[in-house]
Amino acid sequence: MKAKWGAAPFVAATGGIWAAPAFAQSVDLNYDRLSSLEEPIAVDLGQVTVELTGVMDVPIEFDLDGDPMVDNVDPGFIGNFQISAQTQLPNRWRLGAAYFGQYATDASQLYDNRDDYHDNVAGFIGTSFGTVLGGNVNGQVREVTRRRRGVGNGFLSFDDFYGKLDNWGGAYVGRYGPTVVSAAVDENGDFELGGFFQRPLGQRDYRFALRFANARLTSHDGTTQFDTKGAMAVGEIVYGSTVFDIGAGYEKLESDTVDVDRWFLSTGMQTQIGPWRLSGEAHYGKAAGDKERSVGLGASYDFARGLSVNAGVNYEKARIEAGPVKIVQADAVRGLISLRFSF
């Protein structure tokens, strides 16, 4: 997937095909599963630079665990775009704003906001000491520190904290040599802190990331509000056209009636062979003594600039309960093939 902060080239420091997270001139508000692989379309309007990126995806989804006597094939559509504008002030500060919007049909079961349009907006000021943002910035720390997304239509469930920040708040991201640090706080005073260190060594590129979160979760049955605290670490190695990564985390869920301890481990691999890109990921965790498991397999074939065929098989299963409280409920095996255009 595209680097989540700026229009970085799709080339790693080692000369491989994979881009490490980059932090240049743009702000990215796309926290969803689809982002463009292409460089943004940029236009100068006087002293203002306007950039546009987007994706259109036409998926066909198959419920591989459903009743064979029932129609389990669902066509859908997902489309998103981001437009940003920024200018440089006389003191060399960058002042700008960005808007992201996405629509996903009801058949797009892998999306939380389906049959609906949702958007994110933020303003930002960038200086030599980093970038300060305000708006829908709850995903900024996650995007700096996360494992790489799967290729094509491979999506790994549960590979994050249960607790989330509210949508509105403020954030900061700054680069200091090989280290990038980030922070976000929402309107409730909940927060996330994180960062990564990245260096090439010989023919390999290494990245190590940490993330801490104090957030909130509403249980699956809607009966209980949890305060959550979590810590996560990610390690990554890039060698030529192949990426290996692993992430481990711990999360504490606290409420007036029940407390839950959760730990989890996720790992994956991605590679490119000519026009083919392939990925495989797996996740295992336990919370309240119950297991959570998921697998994501993805493939993509690029046959024209911005145009690709993508496939994936994704499995998720979790039944996390603490007494009468149902925290997480999921059980599905889905296949997905789509035609995608990025611009």
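Residues numbered from 1 in each chain as written. Predicted model: local features only at pLDDT ≥ 70, side-chain atom pairs only at ≥ 80, totals over all residues. Heavy atoms only, no water.

## A closer look at the overall build of the chain
Just so we agree on the cut-off: To qualify as a helix, a DSSP run of H or I must reach at least 4 residues; to qualify as a strand, a run of E must reach at least 2; elements of each kind are numbered from the N terminus. Partly exposed describes any residue whose relative accessible area lies between the buried limit of under 20% and the exposed limit of over 50%, with all areas from a 1.4 Å probe on protein chains only and scaled to the type maximum. Should any heavy atoms of two residues lie within 4.5 Å, those residues are considered in contact. The method behind every accessible area is Shrake-Rupley, applied with a 1.4 Å probe, and residues are considered shielded solely by the protein chains displayed.
Across its full length, the chain carries one helix and 18 strands. A buried classification covers 51% of the 343 residues belonging to the chain. Sequence separation of at least 24 residues holds for 57% of the intrachain contacts in the chain that already meet a minimum separation of 6. By element, 60% of the accessible surface of the chain is carried by carbon and sulfur atoms, the whole surface being about 15700 Å².

## Overview of the pattern of salt bridges
Rules: Salt bridges, as used here, are contacts in which a Lys or Arg side-chain nitrogen is within 4 Å of a carboxyl oxygen on Asp or Glu.
Taken as a whole and judged by the stated rule, the model has 20 salt bridges. Across the salt bridge formed by R207 and E236, the nearest N and O atoms sit 3.4 Å from each other. Here R207 is found in strand β11 (residues 204-218), whereas its partner E236 is found in strand β12 (residues 225-239), with 29 residues between them in sequence. Here the two residues R207 and E236 agree in accessibility, since each one is buried. Two residues, K252 and D261, come together in a salt bridge whose shortest N-O distance is 3.2 Å. K252 sits in the partly exposed class, given a relative accessible area of 23%.

## Description of the nonpolar core
Applicable threshold: We define the nonpolar core as a collection of buried residues of types Ala, Val, Leu, Ile, Met, Phe, Trp, Tyr and Cys that are connected through side-chain atoms lying within 4.5 Å of one another.
If you look at the biggest cluster of nonpolar residues, it comprises 15 residues, and the most contacted ones within it are Y162, F226, L253, V260, I320, I327 and V328. At the level of elements, β17 (307-322) and β18 (325-342) are the ones that each hand at least two residues to this core. The contacts of V328, once residues within four sequence positions are left out, are F158, Y162, H220, A318, R319 and I320. Among the nonpolar cores identified, the runner-up in size contains 14 residues, and F100, V137, V141 and A215 belong to it.

## A short note on the environment of E236
Exposure remark for E236: the relative accessible area of 2% places this residue in the buried category. Residues E236 and A209 lie 27 residues apart in sequence; the distance between their C-alpha atoms is 8.7 Å.

## Structural notes on the environment of I60
Here I60 shows up in strand β2 (residues 48-63). C-alpha of I60 to C-alpha of I337: the two residues are 277 residues apart in sequence and 5.5 Å apart in space. If sequence neighbours within four positions are ignored, I60 has contacts with V73, D74, P75, G335, L336 and I337.

## Quick look at the side chain of R142
What counts, and what does not: Whenever two N or O atoms come within 3.5 Å, that pair is a polar contact, provided that in protein one can donate a hydrogen and the other can accept it, and provided that, for residues adjacent in sequence, both atoms are side-chain atoms.
For R142, the position within the fold is in helix α1 (residues 140-145). There is a polar contact of 3.1 Å between the side chain of R142 and the backbone oxygen of D159. Dropping the residues within four chain positions of it, R142 is found in contact with D159, D160, E192 and R211.

## Here's the deal with the pairing of strand β1 (residues 41-45)
Here is the rule: Following DSSP output, two strands are said to pair if at least two bridges run between them.
Burial within β1 is sparse, with just zero of its five residues counted as buried. Pairing geometry for β1 and β2, over five bridges, is antiparallel. If you follow D44 over to β2, its bridge partner there is T49. Adjacent in sequence and paired antiparallel, β1 and β2 are bridged by two residues, among which G46 carries a positive phi angle near 70°.

## Let's talk about the packing of aromatic side chains
So the rule is basically this: Note on ring pairs: Phe, Tyr and Trp rings are taken, using the six-membered ring of Trp, and paired if centres are within 6.5 Å. Classes follow the plane angle, with under 30 degrees stacked, over 60 edge-to-face and the rest tilted. By definition, being over a ring means that NZ of Lys or CZ of Arg is both within 6 Å of the ring centre and within 35 degrees of the ring normal.
Counted under the stated rule, the structure contains five aromatic pairs. Judged by centre distance (5.9 Å) and plane angle (45°), the rings of F81 and Y99 are tilted. Of this pair, F81 sits in strand β4 (residues 78-88) while Y99 sits in strand β5 (residues 94-104), placing them 18 residues apart in sequence. Assessed through its relative accessible area of 29%, F81 is described here as partly exposed. Positioned over the ring face of F155 is R33, at 5.3 Å from the centre of the ring. Just above the ring of Y162 sits the side chain of R262; from NZ or CZ to the centre is 3.9 Å.

## So, a negative patch on the surface
How we decide: Only residues whose relative accessible area exceeds 30% and that form no salt bridge are eligible for patches; like-charged ones are grouped when within 9 Å, while nonpolar side chains (Val, Leu, Ile, Met, Phe, Trp, Tyr) are grouped when within 5 Å. Charged residues are defined narrowly, with Lys and Arg counted positive, Asp and Glu counted negative, and His plus the chain ends left uncounted. Where a charge lies is defined by one atom per residue type, namely NZ (Lys), CZ (Arg), CG (Asp) and CD (Glu).
There is a patch of like negative charges on the surface, built from D63, D65, D74 and D331. By secondary structure assignment, the location of D74 is in strand β3 (residues 73-75). In this structure D74 comes out as partly exposed when scored by relative accessible area, which is 31%.

## Let's talk about the side chain of E61
Among the secondary structure elements, E61 is positioned in strand β2. With relative accessibility at 5%, the residue E61 sits in the buried group. Within the structure, the side chain of E61 is placed 3.3 Å from the side chain of R334, a separation counted as a polar contact.

## Remarks on the environment of Q270
Structurally, Q270 is set in strand β14 (residues 259-273). When the C-alpha atoms of Q270 and R148 are compared, they prove to be 8.8 Å apart, with 122 residues separating the residues in sequence.

## Some thoughts on the pairing of strand β6 (residues 116-127)
Of the pairings in the sheet, the one linking β5 to β6 comprises 11 bridges and is antiparallel in character. Opposite G96, over in β6, you have F124 as the bridge partner. Bridge analysis of β6 against strand β7 (residues 130-136) gives six bridges, and the strand direction is antiparallel. Its bridge partner lying in β7, A122 is registered against G135. Hairpin geometry of β6 and β7 is characterised by an intervening segment of two residues between the two adjacent antiparallel strands.

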